[in-house]
Amino acid sequence: MQLNIRTQQVLDDTMMLVNIDSQNPGALETACSAWLYQRLSQAGLSVMVQNVQPGRDNLVAVIKGTSETPRLVLSAHMDTVSVGMNWTKPGLKASLQDGNIYGRGSADMKSGLAVGLGVIEALVNAEQPRGDIVLALSVDEEGPAMVGVHALVKAGYITKEDNVIALEPTGLRLRIAHSGVRWLKITTHGKMAHAGRAHLGIDAAHVMAKTINLLKEKVAALPYEDGLLGRARFTCGVIEGGVATNVVPGSCKAHFDLRLVPPMDIAFVESLVRETLEQTLIDFPGSSFEMEPLDIPRPPVSASDDSPVVRGLRGAYQHVTTRVLESGGADGHEAYTDAAMVAALTGNTNCVAFGPGSSDVAHTSDEYVPVSDIETACRVMETLVSQW
């Protein structure tokens, strides 16, 4: 079977999709989902619409295969992070400059979505593939609960037996493993007092600061280092506390981001944070803390090196570029994807990420994707799907 993706159409679709605001939080995916539903329907595809939340629909389109070959699922999310500030180019209007397409979501992941759309449209008029080819478009990948992919798995649209490619920005490297993620909300409690009589109070901000420093040291000292994922990481992304300059803070809140590598799991990380807080509180008699999750559990996962999708992508990439498809390094393994969540929920060892654009520019001001990356991704997917 020979597949021919219309590359110029994929480039045009990337720009069109960037122009559709699907910020999360914000406009969300309503307009993007509607545009994609119309486009897929016009191509003659039967589109399954899965309502996840009001105005938020997953979309699934399937090209049936001729045999029992494992299904190949091309996964893409329709939402983006917020545009944010400090752009030098329009954030919600795609622009083409110096061989790059700029705009929010250009890399993460409207370009990958457009590649998936190009594949499924090309299959409509192609010879029937051996295995089913599925395009699964989700909502809320950028949200802490990832409700879109959870709904797809729960309804059986994606299963443990499927081979899954999240067309995420990997710099055209193969993301065969994903770091785990745990977000925690921490609140430290102290005792308010006049800053001039600070010894009568308990500084909750100081408790938090010492906790952060100590946890940084503990995470850095962990003996775990993965060949692809590297070492564990900890970031305090948000911190706020106090009511006035001249008042000892009675409480302080922070959001912790922890990135896990094997053999770490969610329970280990939560225990480490709790232990660190308890150790810090010894120096602050009368203080206390609360800890609660901000997200759903996201453990580290990896695909089998002998998985059909891994072998297929490596072969297709080498056929197209004459180079070996590399993994690790700047493949974006620190970012959890819908493919990783499928693996975590089902135990599937055939879930990877591969797509145009770099994770280094995802979520940044002046986000962009190289046109050449999109073109190469189209050729690789042509080859992979033709041989599937």
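Look a little higher up for the structure.
1. Some points on the nonpolar core
Core analysis: the largest hydrophobic core is formed by 84 residues, its most contacted members being Leu36, Ile165, Phe256, Leu313 and Met381. The element best represented in this core is helix H3 (residues 106-124), accounting for 10 residues. Core analysis: the second largest hydrophobic core is formed by 21 residues, Val153, Val164, Met341 and Ala353 among them.

2. Re the sheet that holds strand E4 (residues 95-97)
Pairing is antiparallel in the open sheet, where three strands are placed in the order E4-E5-E17. Of all strands in the sheet, those bounded by a partner on one side alone are E4 and strand E17 (368-370). Across this sheet, the average inter-strand angle for adjacent strands is 25°, counted without regard to direction. Bridge count between strand E5 (residues 100-102) and E17: three bridges; the pairing is antiparallel. What sits directly across from Ile101, in E17, is Val369. Packing against the sheet, helix H1 (residues 7-19) makes contact with E4 and E5, and its axis sits at approximately 20° to E5.

3. Structural notes on the state of the cysteines
Tallying each qualifying case throughout the model produces zero disulfides. Of all cysteine sulfurs in the structure, the one in Cys378 sits closest to Cys32, which takes part in no disulfide; the separation is 17 Å.

4. Describing the sheet that holds strand E6 (residues 133-138)
If you walk across this open sheet you meet the six strands as E1-E2-E6-E3-E7-E16, and the pairing is mixed. Since the sheet does not close on itself, it has two edges, and those belong to strand E1 (47-53) and strand E16 (351-353), each with one partner. On average, each strand axis in the sheet is inclined to that of its neighbour by 20°, with strand direction left out of account. Pairing geometry for strand E7 (residues 163-166) and E16, over three bridges, is parallel. Residue pairing for E16: Ala166 is matched across the bridge by Ala353. Strands in contact with H3 are strand E2 (56-63), strand E3 (72-77) and E6; relative to E3, the strand with the most contacts, it is inclined by about 140°. Packing of helix H4 (residues 147-154) onto the sheet brings it into contact with E1, E2 and E6, and relative to E1 it is tilted by some 125°.

5. Some thoughts on the pattern of salt bridges
If the charged atoms of two oppositely charged side chains come close together, the side chains can form a pair. In this structure the tally under the stated criterion is 20 salt bridges. A salt bridge links Arg314 to Asp305; the shortest N-O distance between them is 2.9 Å. Among the charged side chains, a salt-bridge network with shared partners connects Arg6, Asp13, Arg39 and Glu121.

6. Looking at helix H6 (residues 266-281)
In this model H6 runs 23 Å from its N-terminal to its C-terminal C-alpha over 16 residues, within 8% of the 22 Å that 1.5 Å per residue would give. Those residues of H6 that sit buried are Ile266, Val269, Glu270, Leu272, Val273, Thr276, Leu277, Thr280 and Leu281. Buried residues along H6 sit in contact with strand E9 (180-189), helix H5 (204-221), strand E13 (251-260) and strand E14 (288-293). The residue sitting at the N-terminus of H6 and contributing the capping side-chain oxygen is Asp265; that oxygen lies 3.4 Å from the backbone nitrogen of Ala267.

7. Digging into the packing of aromatic side chains
By convention here, two paired aromatic rings are described through the distance between centres and the angle between planes. The tally for this structure, following the rule as stated, stands at four aromatic pairs. Ring centres 5.5 Å apart and planes at 45° place the aromatic pair Tyr102 and Tyr368 in the tilted group. Linking Tyr102 in strand E5 with Tyr368 in strand E17, this pair joins segments that are 266 residues apart in sequence. Residue Tyr368 is classed as partly exposed on the basis of its relative accessible area, which comes to 28%. Each ring, one from Tyr317 and one from Phe354, has its centre 6.3 Å from the other, and the planes form 80°; the classification is edge-to-face. Linking Tyr317 in helix H7 (residues 308-321) with Phe354 in the loop between E16 and E17, this pair joins segments that are 37 residues apart in sequence.

8. Description of the environment of Val342
Along the chain, Val342 falls in helix H8 (residues 338-346). When the C-alpha positions of Val342 and Val164 are compared, they lie 8.4 Å apart, and in sequence the two are 178 residues distant. Ignoring any residue separated from it by four or fewer positions in sequence, one finds Val342 in contact with Val149, Val153, Ile158, Val164, Gly347, Asn348 and Cys351.

9. Thoughts on the pairing of E9
Within E9, seven of the 10 residues are buried, which leaves it mostly tucked inside the rest of the structure. Note that E9 and E13 share 10 bridges and pair antiparallel. Its bridge partner lying in E13, Thr188 is registered against Cys252.

Calculation rules
Sequence order as written defines the numbering, with residues in each chain counted from 1. Note on the predicted model: pLDDT of at least 70 is required for a residue's local features to be given, and 80 or more for side-chain atom pairs to be given and counted; whole-chain, interface and lining totals, by contrast, use all residues. Side-chain numbers here rest on the full set of heavy atoms in the structure, without hydrogens or water. For the purposes of this section, nonpolar cores are sets of buried Ala, Val, Leu, Ile, Met, Phe, Trp, Tyr and Cys residues that join through side-chain atoms within 4.5 Å. For every residue, the accessible area (1.4 Å probe, protein chains only) is compared with the maximum for its type, and the residue is labelled buried under 20%, exposed over 50%, or partly exposed between those bounds. Helical segments are the DSSP runs of H or I of at least four residues, strand segments are the runs of E of at least two, and each set is numbered from the N terminus. Pairing between two strands is assigned when DSSP locates at least 2 bridges connecting them. For helices, the axis comes from a line fit to the C-alpha atoms of the stretch in contact; other axes are also lines fit to C-alpha atoms, and the angle between any two N-to-C directions lies between 0 and 180 degrees. Contacts between residues were defined by any pair of non-hydrogen atoms, one from each residue, lying within 4.5 Å. Two cysteine sulfur atoms make up a disulfide if the distance between them is within 2.5 Å. Note on definitions: salt bridges are taken to be side-chain nitrogens of Lys or Arg within 4 Å of carboxyl oxygens of Asp or Glu. Any helix carries an expected span of 1.5 Å times its number of residues minus one. Counting of polar contacts relies on pairs of N or O atoms within 3.5 Å, with two restrictions inside protein: one atom must be capable of donating a hydrogen and the other of accepting it, and residues adjacent in sequence are counted only when both atoms are side-chain atoms. A pair of Phe, Tyr and Trp rings is counted when the ring centres sit within 6.5 Å of each other, with Trp represented by its six-membered ring. The angle between the planes then sorts it: under 30 degrees is stacked, over 60 is edge-to-face, the rest tilted.

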